[in-house]
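Overview (structure and organization)
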Amino acid sequence: MDVILFLIPIALGLGGLGLLAFFWTLDNGQYDDLDGAAQRILNEPDDKVGGVER
Amino acid sequence: MTALAGTFPSDERTLPEQGSVLGFVDRDGADCRLNLLVEGAHCAACIQAVEGAVAAEPGVTEARLNLTLRRLTLRWQGDAADADRLAARIEAAGYKVVPFDPEFLEQSDQQTWRSLLRALAVAGFAASNAMMLSIPVWVGFATDMEEGTRLLLQAISGLVAVPAVLYGGRLFYQSAWNALRAGRTNIDVPITLGLLLTLGISMVELLRGGPHVYFDSAASLLFVLLLGRVLEFRVRARARQTLEQFLLMQSRGATRVMDDGTLAHLRAADILPGMVLLVRPGEQVPVDGTILSGHSEMDRAAVTGEPVPLSVAPGDALVAGMINGGGALHCRADRAMADSHLAEMARLVEAAETRRGKLVALADKVSAVWTPIIHACAAGTFLYWLFLGGAGFATALLYAVAVLIIACPCAIGLAVPAVQVVSRGALLRLGILLRGGDVLERLAAVDRVVLDKTGTLTEGRPRLLRDPSRDPAALSLAAGLAAHSLHPLARALAAAVPAGSAVELVGDVREVPGAGLEWQGPQGAVRLGSAGFCGVASGFGAGAMEAASTVWLSRPGLPPVCFRFADTVRAEAAGLVADLKRAGLAPSILSGDAQGPVMDLAKRLDVPAVAAADPATKLATLEALRAQGAHVLMVGDGVNDAPALAGAHVSASFTHGAPVSQCAADIVLPAGRLTLLPDAMRISRRALGLMRQNMIIAAIYNAALVPVAMTGHVTPLAAAIAMSVSSLTVTLNALRAGWGRWT
């Protein structure tokens, strides 16, 4: 059963990484405009629309 | 009109339509930032048009439109004075913009949304991991797991769950605390108690080495509850935009006529009573005032909803929000912008919305009954086991907490939002938009319907009434003259000529603002316009139809011909009224229009009516109905309906209506589709039925399991199963709201 001493921290650590990644996307404003995000895929990608930050 | 020749302080082409936005630029060195509300952006093409209009401008580093909130964030390097040029570029692309101060218009919605998602993610992480650790423990009870291993697994799940539940549940703790401090109780009170007691007793049990550890239950409970809140938030994402719409309607700039006759630009907010202003054709009247000189026709659609312009002359009053449809006017400002009609209406709307915010949601009503019962059961359990059952203090407390955990209104937290989301989807497929989570509950309770006239029951456009005795040549000549004008009656006249018949084309037509059109024909002057303008004695031939607007045609040597116009009733209106009557909803008309046309329509539809009601009167009428205990559905589409829409128990507007009315209303129907209203009400009643069913399902689970918990026989496994099964049942039941065809 000693193997769980490794498995549990690894599982929690990986889950935690996923959580941190989600926080990053959240702070990046990726969920602020879900309607707009759905519509933007229809626009041509090579325009300068959206400013240089894209 | 000599004063029109004046000097302007800046080049007009670089100034946006409604005046300067300079005051709103946020500047940090060379880095400038401006927030704009953008009206009329809906789709991918709009994003491209708005952002594209400014993104290629020199110095612009960011131009990003948030389609959910209709807000554009602009950043550029350089001069703050570029702001006006950039705003003018967007307006040239066809989107009206208004600057706003982000501090002033709350951005808190955005923040709430982010913190909700953050809490949900934390709770989801904790719930899945605690569950992962709990399953071996449950299996371990059957396969004689060593006690040390079990305690280790439980301790780790506690390490994950305790901080997560403390962090993720802040929303509930805060709301429960606020309610308790105000001497009320809401759904969050039992949730908070359940969560915190579960954590507490689990920690005590862990330290004692006992089996009753509920960390997984606490975490998954929180996750499910937060899921319900996230769903609810999505449903009411676009609420609270009414005031922004009023902001969009107000004019930002005005032209002042100085004492020496020169013209000066000023912000509309800086207008003081007594100033003399110039209102040019096409411009909006910035503040309430009185005309000093000039004649014109004012488009009142935004103010009263009436489709026919009002002729004005010196001495007449102007109301902020009217649009000058004729000649240039000089007027004296009578009030500052903050005291003018539009601002007054915005205040009425705000007050009405605040009042309605105090309605109690279904879940809170249920919890008001639920909470005392459950807490009494828990207290009874504790006292019984402590004094009569012979258990120790800790065991008695444990059993009492088990009651709370089992009874925690997890299913209730999910029951209502799940139904809301599914029903909203069903309505959206019909093109009906709901603005607010509890709209379904309120719509289902409606027992009276009040309808606006212009634009709702009627088309909001004048149409030429047929008159068999009229000379076809007169119509052809009149249409030829009318084709030269943009006046709504002239347009209706031009449109009334049967397809294929000849229109007498005439040249050199002169338009006299506020009077009519004149053409010098071979036999003499031909005039089309008001009775006075055409030399018809007032009262001549009138009386037959007071409800209609009239236009006269005078020709040399021939008797004058009268053209009557009326706002046509929508084809669906009679069907809707009949439908509503059959459902016992006592429809009535509440209109800002004049007595004649309103009563005429009321008689045709056989419903009671109130005419000539201003926005405040409309609101007061609804208040009076509310005081009689009625739950009123208000249907309207004009700006003047906005306060009534905000103040009614529930309200509906149309996509063809004024944006302000769409924002003030709870339901937005597709343009002109009156018959969808009964469908929306049917869906809402079904939704309310499902919500109640869900509450009953949750109550049955409790009725079955609370007694088991009171006898002390609930294990953590039983609690986990009860919770997931009840949540699942409730969610599946909610899916039924989307069943069936609604056409």
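Given the structure is predicted, the values throughout are model-derived calculations rather than measurements.

Turning to helix 5 (residues 170-181) of chain B, a few remarks are in order. Over its 12 residues, helix 5 of chain B runs 16 Å from end to end, which matches the ideal 16 Å to within 8%, given 1.5 Å per residue. Looking at the residues trailing helix 5 of chain B, positive phi occurs at B:Gly183, about 75°.

Residue and element names in this part refer to chain B. Counting 163 residues, the largest nonpolar core has Ala126, Ala219, Val403 and Ile406 as its most contacted members. The biggest single contributor to this core is helix 22 (residues 676-710), with 16 residues. If you look at the next biggest cluster of nonpolar residues, it comprises 29 residues, including Leu34, Ala53, Ala55 and Ala87.

Listed by partner, the interface residues are 26 residues for chain A and 28 residues for chain B. When residues of the side of chain A that touches chain B are traced back to their parent elements, those giving at least two are helix 1 (3-27) and helix 2 (34-40) of chain A. At 8 residues, the largest contribution of residues to the side of chain A that touches chain B is made by helix 1 of chain A.

Our next topic: the sheet that holds strand 23 (residues 588-590) of chain B. All names here are of chain B. With mixed pairing, the 7 strands of this open sheet are ordered in space as 15-27-26-25-16-23-24. The sheet is open, and its two edges are formed by strand 15 (433-434) and strand 24 (609-610), each paired on a single side. Pairing of strand 26 (residues 650-654) with strand 27 (residues 667-669), which is carried by 3 bridges, proceeds in the parallel orientation. Its bridge partner being in strand 27, Phe654 is matched across the sheet by Leu669.

For the rest of this paragraph, the subject is the confidence of the model for chain B. Residues and elements named next belong to chain B. With 87% of its residues at a pLDDT of 70 or more, chain B has an overall mean of 79. The least confident element of chain B, judged by mean pLDDT, is helix 8 (residues 242-249) at 65; the most confident is helix 4 (residues 147-168) at 91. Note that pLDDT drops below 50 for residues 1-13; the model gives that stretch 15 contacts with residues more than four away or on any other chain. Across residues 540-547 the pLDDT falls below 50, and counting only partners more than four positions away or on other chains, this stretch makes 7 contacts in the model. Model confidence for the complex is summarised by a pTM of 0.70, with the ipTM given as 0.83.

Criteria and thresholds
Per chain, residues are indexed from 1 in the order of the written sequence. Naming scheme: in the order in which they are written, chains are lettered from A and ligands are numbered from 1. Where local features are concerned, this predicted model is filtered to residues with pLDDT of at least 70; where side-chain atom pairs are given and counted, the filter is 80 or more; whole-chain, interface and lining totals use all residues. The way it works is that DSSP assigns letters per residue, a run of H or I at least four long becomes a helix, a run of E at least two long becomes a strand, and they are numbered from the N terminus. A helix is expected to span 1.5 Å multiplied by its residue count minus one. The nonpolar core is taken to be a set of buried Ala, Val, Leu, Ile, Met, Phe, Trp, Tyr and Cys residues joined by way of C-beta atoms within 7 Å. Burial in this document is a count-based property: other C-beta atoms within 10 Å of a residue's C-beta are tallied, and the residue is buried at 20 or more, exposed at 12 or fewer, or partly exposed in between, with C-beta positions derived from the backbone. Distance between backbone-placed C-beta atoms decides contact: two residues are in contact if it is within 7 Å. Paired strands are those between which DSSP finds at least two bridges. As a per-residue measure, pLDDT tells how confident the predictor is, with possible values from 0 to 100.

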